[in-house]
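# Observations on the three-dimensional arrangement
Now for the letters of each chain:
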Amino acid sequence: MVTSPKSPKSPKGNEAASAPAPAPLSTEAQNAAGILPASHWTAQSLPEEDPNNDTDSTIGSLASTTASLTSSIYKYRTIQGRTYHGEMGTAESWEPNDARHVEAMEILHHTLILVNDGKLFLAPLEKKKIHKVLDIATGSGLWSIDFADEFPAAEVIGTDVSPTQPTWVPPNVQFELEDCNQEWTWPENTFDFVNLRFLNGIVDDWYALFRNAYRVCKPGAWVESSGTSTKFLSPDGTVKEGSAMDQWGKVFQEGGKKLGRTFAVYEEDLQRKCMEAAGFVDIEIRDIEIPLGIWHPDKKAAERGLWWKMAVESDIEGYINYFWHAVLGWTPEEAKVFARHIKKEWNDPNIHGYFMMRVAWGRKPE
Ligand SMILES: C[S@@+](CC[C@H](N)C(=O)[O-])C[C@H]1O[C@@H](n2cnc3c(N)ncnc32)[C@H](O)[C@@H]1O
């Protein structure tokens, strides 16, 4: 574990190293997974992009092992012009760590609070019992910061493989660099709450993750895990096989398999199974439908979908860069064309695509 020096979001002077991008999936493997070639998308015409047709305006109308830090931490790798974390254990994050993507994570943080009806967590925490909290793969760091504000007497530790968290933080927050796939370095019975939010595609072994969480939880402490399905569904078949939304799910699923870090967390019921296997009790699950786009007639559901759309669209290239390049071997231009197709579908009120978000929480027995 390396204590982050509370670095600025985009440390100047990063030495970017070229990443040894993994070899793409063979054409046969792509065909077998039902993934269409780039030419399928580049051959189709797209309408001119309307610079005024952004999600912001629609939203506006809807709702008002501690080690010393080495410079290698800042030797980010570059894949197709986007930066990714430096050498950290066995980590291979598929998300960029540049300012643009951190901003997208910040928007997603606000979206998640909205989805959870204004709450940072759903576990029944008793304020007086919360002294030490761990936020694994904190990303933008905003969850840790907001939690620290809400629980000023608690010490909050946020970890990540990238030092992308802000410098200006409450005094009770600390960011550390740590690979969550390595054995965790904290002693057993350390924390009152462990937050595992949005770890799709980064975890080697979900059972080991929850075993680690169980070990570091004090008796009576809570763990909470949030994640989503990757596949888009539709109640009326308007997300069609071969559509960009259908392909999105397939590429992430195949990408996760190639990395050995699944995206099918919801589909495989991993949060519940792994919590149970680790020994957590009083497990509760909340499933929430996210109707991505602008189609849902219910105002609250539509608001969730719009915010989520804005979060993903704010850096869609960042979300797809790694897998569309590393898994499919597409050029950035081809990936950009795909991005325009999926945005077109998200903006089409006649396509009723949604995915599932699951929040699961459980308690270590006293
Ligand atoms: C989707 S973001 C989640 C951010 C945050 N948990 C949230 O909910 O806002 C995933 C984060 O995992 C980090 N990450 C990737 N691999 C990791 C690893 N092996 N150990 C710790 N963090 C990792 C990435 O750098 C990224 O910040």
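Quick note: structure is the one above.
Going along each chain's sequence as written, the residues are numbered from 1 onward. Local features in this predicted model are restricted to residues of pLDDT 70 or higher, and side-chain atom pairs are both shown and tallied only at a pLDDT of 80 or more, whereas totals for entire chains, interfaces and linings draw on every residue.

What follows concerns the overall build of the chain. Looking only at helices and strands, one finds 11 helices and 11 strands in the chain. Counting across all 366 residues of the chain, residues that qualify as buried make up 46%. A run of DSSP states H or I qualifies as a helix once it reaches four residues; a run of E qualifies as a strand once it reaches two. Both are numbered from the N-terminal end. Three exposure classes are used, based on other C-beta atoms lying within 10 Å of a residue's own C-beta, which is placed from the backbone: buried for 20 or more, exposed for 12 or fewer, and partly exposed in between.

Looking now at the nonpolar core. By convention in this section, buried Ala, Val, Leu, Ile, Met, Phe, Trp, Tyr and Cys residues joined through C-beta atoms within 7 Å make up a nonpolar core. If you look at the biggest cluster of nonpolar residues, it comprises 89 residues, and the most contacted ones within it are Val-194, Ala-213, Val-223, Phe-323 and Trp-324. By definition, residues are in contact whenever their C-beta atoms, placed on the basis of the backbone, come within 7 Å of each other. Every residue in contact with Val-194, bar those within four places of it in the chain, is listed here: Leu-134, Ile-136, Ala-213, Val-216, Cys-217 and Val-223.

Our focus in this paragraph is the pairing of strand β8 (residues 191-197). If a strand is regular, its side chains alternate between the two faces of the sheet. Among the 7 residues that make up β8, 7 are buried, leaving the element largely enclosed by the rest of the structure. Strands qualify as paired when DSSP identifies two bridges or more between them. Strand direction decides the pairing type here: strand β5 (residues 132-136) and β8, joined by 4 bridges, are parallel. Each residue of the ladder has a partner; that of Ile-136, found in β8, is Leu-196. As judged from the 6 bridges shared by β8 and strand β9 (residues 217-228), these two strands associate in the parallel manner. Each residue of the ladder has a partner; that of Arg-197, found in β9, is Ser-226.

Quick look at the packing of helix α10 (residues 316-326) against helix α11 (residues 332-346) now. Working convention: axes come from line fits to C-alpha atoms, limited for helices to the stretch in contact. Angles between N-to-C directions cover 0 to 180 degrees. Packing of α10 against α11 brings their axes to within 10 Å, and their N-to-C directions diverge by 125°. Judged by the angle between their axes, α10 and α11 are oblique. The way α10 lies across α11 gives a crossing that is right-handed. Taken together, the residues of α11 that come into contact with α10 (itself represented by Ile-316, Glu-317, Ile-320, Asn-321, Trp-324 and His-325) are Ala-335, Lys-336, Phe-338, Ala-339 and Lys-343. In terms of residue class, the contact of α10 with α11 is built from 6 nonpolar, 2 polar and 3 charged. Angles below 35 degrees are treated as roughly parallel, those above 145 as roughly antiparallel, those between 65 and 115 as roughly perpendicular, and all remaining angles as oblique. Left-handed describes a crossing whose near helix is turned anticlockwise from the far helix through less than a right angle; right-handed describes the clockwise counterpart. Side-chain classes are defined by residue name, with Ala, Val, Leu, Ile, Met, Phe, Trp, Tyr, Cys and Pro counting as nonpolar, Asp, Glu, Lys and Arg as charged, and the others, Gly among them, as polar.

What follows is about helix α7 (residues 244-259). With 16 residues, α7 should reach 22 Å at 1.5 Å per residue; the first-to-last C-alpha distance of 22 Å fits that figure. Taken across its 16 residues, α7 has 13 buried, putting it largely inside the fold. What a helix should span is 1.5 Å times the count of its residues minus one.

With that settled, consider the environment of Leu-199. Residue placement: Leu-199 occurs in the loop between β8 and α6 (206-216). Classification of Leu-199 as partly exposed rests on a count of 18 C-beta atoms within 10 Å. For the pair Leu-199 and Thr-138, spaced 61 residues apart in the sequence, the C-alpha separation amounts to 9.7 Å. Excluding residues within four positions of it along the chain, Leu-199 makes contact with Ala-137 and Gly-227.

Here the focus is α10. Working note: α-helix, 3.6 residues per turn, so residues spaced by three or four point in the same direction. Of all 11 residues in α10, 10 are buried, a share of seventy percent or more. Among all positions in α10, only Ile-316, Gly-318, Tyr-319, Ile-320, Asn-321, Tyr-322, Phe-323, Trp-324, His-325 and Ala-326 are buried.

Looking now at the environment of Val-115. In this structure, Val-115 sits in helix α4 (residues 99-115). Taking the C-beta count within 10 Å as the criterion, Val-115 has 21 such neighbours and is therefore assigned buried. In this structure the C-alpha to C-alpha distance between Val-115 and Ala-301, which are 186 residues apart in sequence, comes to 8.8 Å. Here Val-115 is in contact with Ile-288, Arg-304 and Met-357, once residues within four sequence places are set aside.

Looking now at unusual backbone geometry. At Ala-137, a position not held by glycine, the phi torsion is positive, near 55°. Considering the arrangement of structural elements, one finds Ala-137 in the loop between β5 and α5 (142-150). Overall, the presence of 22 C-beta atoms within 10 Å leaves Ala-137 in the buried class. Of note in the backbone geometry, Phe-198 takes a positive phi value of approximately 60° without being a glycine. What makes Phe-198 buried here is the crowd of 20 C-beta atoms within 10 Å.

Looking now at the packing of α4 against helix α9 (residues 299-313). Following both chains from N to C, one finds α4 and α9 inclined at 170°, their axes separated by 8 Å at the closest point. Put simply, α4 runs roughly antiparallel to α9. Remark: the crossing between α4 and α9 carries left-handed chirality. Of the residues in α9, those touching α4 at Ala-104, Ile-107, Leu-108, Thr-111, Leu-114 and Val-115 are Glu-303, Arg-304, Trp-307, Trp-308, Met-310 and Ala-311. Across the contact of α4 with α9, the residue classes tally to 9 nonpolar, 1 polar and 2 charged.

Treat this as a map of the structure, not an account of what it does.
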